[in-house]
Amino acid sequence: MPFPSNQNAIAGLAEQRPLDAPWKRAAPTEPPPMMFQVRFRDGRVVSYAYADLRETRLRDAGHLQLCLLGMEKYCLTIEGRNLSELDALIGAGKIRSLEELGPRTFDRPEAAPSIDKITVETLTGPSF
């Protein structure tokens, strides 16, 4: 091999995101990201600061809520399946982006993590 150091870089990329996960994690060697991106099916991309993340709520493996307090109060609801790992990675500040895949189809295995729908709700009032 003329460039053996490239093998380590390729192996690191494979560790960042399983092929079937709809999110990208930060590499173990890079500092935690300051923001995470939410990529919607309609092409919109919205970034949120980790510093604004106040609470995560995992109701079950298919329903995750992120409560953010920035210029406005937001509640992001992520619906899908097998989202427990995503909850843990967000709590550790290791997610760079997540992508809404849309309704389930047969081309995605049942055991694979999936983000079917992301909704953003602007909240008013004193608390979440």
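Residues numbered from 1 in each chain as written. Predicted model: local features only at pLDDT ≥ 70, side-chain atom pairs only at ≥ 80, totals over all residues. Heavy atoms only, no water.

**Q** Would you mind going over the overall build of the chain with me for this structure?
**A** Helix and strand content of the chain: two helices and eight strands. Counting from the amino terminus, the chain carries its helices and strands in the arrangement α-β-β-β-β-β-β-α-β-β. Of the contacts formed within the chain by residues at least 6 apart in sequence, a portion of 55% connects residues at least 24 apart. (Helix = DSSP H or I, 4+ residues; strand = E, 2+ residues; numbered from the N terminus. Contact = heavy atoms within 4.5 Å.)

**Q** Honestly, the packing of aromatic side chains in this entry has me stumped. Any pointers?
**A** Taken as a whole and judged by the stated rule, the model has three aromatic pairs. A centroid spacing of 5.2 Å and a plane angle of 55° characterise the contact between Phe36 and Tyr50, whose relative ring orientation is tilted. Highlighted residues: Phe36 in strand S2 (residues 35-39) and Tyr50 in the loop between strand S3 (45-49) and strand S4 (53-60), separated in sequence by 14 residues. For Tyr50, a relative accessible area of 13% puts it in the buried group. Taken together, Phe36, Tyr48, Tyr50 and Tyr74 form an aromatic cluster joined through their ring pairs. One cation-aromatic arrangement involves Arg44 over Phe40; the distance from NZ or CZ to the ring centre is 4.1 Å. (Phe/Tyr/Trp six-rings, centres within 6.5 Å; stacked < 30°, edge-to-face > 60°. Buried < 20%, exposed > 50% of the residue type's maximum accessible area, 1.4 Å probe, protein only. Lys NZ or Arg CZ within 6 Å of the ring centre and 35° of its normal.)

**Q** Where do I start with the side chain of His63 in this structure?
**A** Relative to the helices and strands, His63 is located in strand S5 (residues 63-69). Judged by its relative accessible area of 13%, His63 is buried. When sequence neighbours within four positions are dropped, the list of residues in contact with His63 reads Arg57, Leu58, Thr77, Ile78, Glu79 and Leu83.

**Q** I keep staring at the nonpolar core and nothing clicks. Help me out?
**A** A general trend in soluble globular proteins is that nonpolar side chains are found buried together. Of all hydrophobic cores here, the largest spans 21 residues; its most connected members are Trp23, Ile78, Leu86, Ile90 and Leu98. Each residue touching Leu98, except ones within four places of it in the same chain, is listed here: Pro22, Trp23, Phe36, Gln37, Val38, Arg39, Ile78, Leu86, Ile90, Ile115 and Ile118. (Core = buried A, V, L, I, M, F, W, Y, C linked by side-chain atoms within 4.5 Å.)

**Q** It is not clear to me how the pairing of S3 should be interpreted in this structure. Could you clarify?
**A** Strand residues, when the strand is regular, have side chains that alternate between the two faces of the sheet. Alignment of S2 against S3, held across five bridges, turns out to be antiparallel. Among the inter-strand pairings, Gln37 is bridged to a residue of S3, identified as Ser47. The hairpin turn running from S2 into S3, its antiparallel successor, is five residues long, and Gly43 in that turn takes a positive phi close to 100°. (Pairing = 2+ DSSP bridges.)

**Q** Just to check I follow, could you spell out the confidence of the model for the chain for this structure?
**A** In low-pLDDT segments, the atomic positions of the prediction should not be examined closely. Per-chain confidence: the chain averages 85 in pLDDT, with 82% of residues scoring 70 or above. At the level of individual helices and strands, the chain shows its lowest average pLDDT in helix H1 (residues 5-16), which scores 46, and its highest in S2, which scores 97. (pLDDT = per-residue confidence, 0-100.)

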